[in-house]
Amino acid sequence: RLENLTKVFTDKSGNQTRAVDQLTITIPSGKLVGLLGPSGCGKSTTLFMIAGLHPVTEGKIFFGEDDVTRLAPEKRGIGLVFQNYALYPHMTIRQNIMFPLENLNIKRQEAEKLVVEMAELVGIRDQLDKKPSQLSGGQQQRVAIARALVKKPRVLLLDEPLSNLDARLRLQTREEIKRIQRETGITTIFVTHDQEEAMSISDQMVVLNFGMQQQMDEPQVMYNKP
Ligand code: ADP
Ligand code: ADP
């Protein structure tokens, strides 16, 4: 749950941008929620605050009963996936997925098992020894999702994950994300500026809009699948 979440950026000359203004939403546990809105309306900033990568200016973030507003990012149990995959190019797929498990006091054997489990979940079991550049964009995005899930986070945040893919891969990867979310039951927020994409993938949709946000306590929930 986000309560009155607000982010004001201040640049070196003191100019302020109110990127997120008094945002209050409840995201149902175990669902895939689309966060939709035009470019610049504060979607990424919202995700970054949920992840703990931007300190909040005002307001609170709850995971269930836990107030995580001031919690360090690594303690929040978040998996984050960006538009550009952000895989480590010099590492194999296996090493990429395993990376979050380093320094975690997990036995090598256990880590390897988790990596294979994740690779199977996202359907790239046969690609583990390749480098990212040898994979298609859609496959690279699956690797990014596997890496985001390997620590079994409480919340998965996807920031425009399909934007870099061509039309065919976009459809395919979208179905994959839906399937992975269903299989894991992980609470997922899917950020997009594409209404059709948001409607097709989400159980529920939250619409952010500069104008509306000023006037409404709760952003409009347009769409609510049973
Ligand atoms: P924060 O640590 O507050 O979450 P960042 O680390 O993203 O913010 O950026 C630090 C500061 O740099 C911001 O508070 C902002 O003033 C400035 N800044 C960063 N990116 C931009 C930008 N695109 N436009 C204007 N100012 C920026
Ligand atoms: P969206 O993800 O919906 O495109 P963003 O969250 O990226 O929107 O941006 C919301 C607003 O905040 C925009 O006006 C953007 O320019 C501004 N903004 C985003 N990040 C920073 C930053 N680090 N410093 C200053 N302004 C920022």
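Quick note: structure is the one above.
The structure displayed is predicted, hence computed values, not measured ones. Each chain carries its own residue numbering, running from 1 in the direction its sequence is written. Here the convention is simple: chains get letters from A, ligands get numbers from 1, in the order in which they are written. In keeping with the model being predicted, local features are shown solely for residues with a pLDDT of at least 70 and side-chain atom pairs are shown and tallied solely at 80 or more, while totals for entire chains, interfaces and linings include all residues. Water and hydrogen atoms play no part in the side-chain values, which are based on all heavy atoms of the structure.

## Quick look at the pairing of strand β4 (residues 58–63)
For strand β1 (residues 2–10) and β4, the ladder comprises three bridges, and the chain directions are antiparallel. Bridging from a neighbouring strand, E3 pairs with K60 of β4. Sheet topology note: the β4/strand β5 (residues 66–67) ladder contains two bridges and is antiparallel. Of the residues in β5, the one forming a bridge with F62 is D67. In this structure, the hairpin formed by β4 and β5 is closed by a connection of two residues, where G64 is found at a positive phi of approximately 60°. Between any two strands, pairing holds if DSSP finds at least two bridges. Under the DSSP-based scheme used, a helix requires at least four consecutive residues in state H or I and a strand at least two consecutive residues in state E, with every element numbered from the N terminus.

## Observations regarding the sheet that holds β4
Spatially, the four strands line up as an open sheet ordered β2-β1-β4-β5, and their pairing is antiparallel. Whereas interior strands pair on both sides, the edge strands pair on one side only; in this sheet they are β2 (16–25) and β5. Packed on one face of the sheet, helix α1 (residues 43–51) meets β1, β2 and β4 and runs near 110° to β1. When checking whether two residues touch, look at their non-hydrogen atoms; a contact exists if any pair is within 4.5 Å. Geometry is summarised by axes, namely lines fitted to C-alpha atoms with helices restricted to the contacting stretch, and by angles between N-to-C directions that run from 0 to 180 degrees.

## What to know about the site of ligand 2
By convention in these notes, a residue is near a molecule or strand provided one of its non-hydrogen atoms lies within 4 Å of it. All residues adjacent to ligand 2 are F9, T17, A19, P38, S39, G40, C41, G42, K43, S44 and T45. A 1.4 Å probe and the Shrake-Rupley method give the accessible areas. Residues count as covered only by the protein chains that appear here. Protein burial of ligand 2: of its 550 Å² of free accessible surface, 60% is covered by the chains. Contributing elements (two or more residues each) for the shell around ligand 2: β2 and α1. Element by element, the count of residues in the shell around ligand 2 is highest for α1, at three residues. Its residues placed into classes, the shell around ligand 2 shows four nonpolar, six polar and one charged. Note on residue categories: nonpolar means Ala, Val, Leu, Ile, Met, Phe, Trp, Tyr, Cys or Pro, charged means Asp, Glu, Lys or Arg, and polar means any other residue, Gly included.

## Considerations on the nonpolar core
A general trend in soluble globular proteins is that nonpolar side chains are found buried together. We call a set of buried Ala, Val, Leu, Ile, Met, Phe, Trp, Tyr and Cys residues a nonpolar core when their side-chain atoms join them within 4.5 Å. Only protein chains enter the area calculation, which uses a 1.4 Å probe; residues under 20% of their type maximum are buried, those over 50% are exposed, and those in between are partly exposed. Residues I97, L149 and I177 are the most contacted members of the largest nonpolar core, which totals 36 residues. It is helix α3 (residues 108–122) that provides the largest number of residues to this core, a total of eight residues. With near-sequence residues (within four places) excluded, I97 lies in contact with V115, M118, I124, L128, V143, A146, R147 and V150. The next biggest cluster of nonpolar side chains, apart from the first, holds 24 residues, and it includes I27, L47, I50 and I189.

## Here we look at helix α4 (residues 137–149)
Multiply 1.5 Å by the residue count of a helix minus one, and that product is the helix's expected span. Spanning 13 residues, α4 covers 18 Å between terminal C-alpha atoms, matching the ideal 18 Å at 1.5 Å per step. Along α4, 12 of the 13 residues are buried, which leaves the element largely enclosed by surrounding structure. Buried within α4 we find G137, G138, Q140, Q141, R142, V143, A144, I145, A146, R147, A148 and L149.

## Topic: the packing of α3 against α4
Between α3 and α4, the least distance of the axes is 9 Å, while the angle of their chain directions is 135°. Here α4 runs oblique to α3, going by the angle between their axes. As α3 runs across α4, the sense of the crossing is right-handed. Contact residues: α3 offers M118, L121 and V122, while α4 offers R142, I145, A146 and L149. When its residues are assigned to classes, the contact of α3 with α4 shows six nonpolar, no polar and one charged. Put simply, angles under 35 degrees are roughly parallel, angles over 145 are roughly antiparallel, angles from 65 to 115 are roughly perpendicular, and the rest are oblique. With the far helix as reference, a near helix turned anticlockwise by less than a right angle produces a left-handed crossing, and one turned clockwise produces a right-handed crossing.

## Concerning the site of ligand 1
In the vicinity of ligand 1, the contacting residues are K7, T10, D11, H54 and P55. Polar contacts, as used here, are pairs of N or O atoms within 3.5 Å; protein pairs need one atom able to donate a hydrogen and one able to accept it. Residues neighboring in sequence count only if both atoms are side-chain atoms. Note that an oxygen atom of ligand 1 is positioned 3.2 Å from one of the side-chain N or O atoms of K7. H54 places a polar side-chain atom, nitrogen or oxygen, 2.5 Å from an oxygen atom of ligand 1. For ligand 1, whose free accessible area comes to 530 Å², the fraction covered by protein is 38%. In the shell around ligand 1, the residues fall into one nonpolar, two polar and two charged.

## Thoughts on the layout of surface pockets
In this model, the largest pocket occupies a volume close to 570 Å³. Considering the residues around the largest pocket, the lining is formed by 21 residues, among which I78, G79, L80, P100 and K151 are closest to the centre. Listed by contribution, the elements that provide at least two residues to the lining of the largest pocket are β6 (78–81) and α4. The greatest single-element share of the lining of the largest pocket, amounting to four residues, is contributed by β6. Buriedness of a pocket was judged along seven lines, with at least five required to meet protein on both sides within 12 Å; pockets are open sets of points on a 1 Å grid over the protein atoms alone, cavities are sets where a 1.4 Å probe fits but cannot get out, and lining residues have an atom within 4 Å of a point. Grid points are joined across faces, edges and corners, and a volume is the space filled by probe spheres set on the points.

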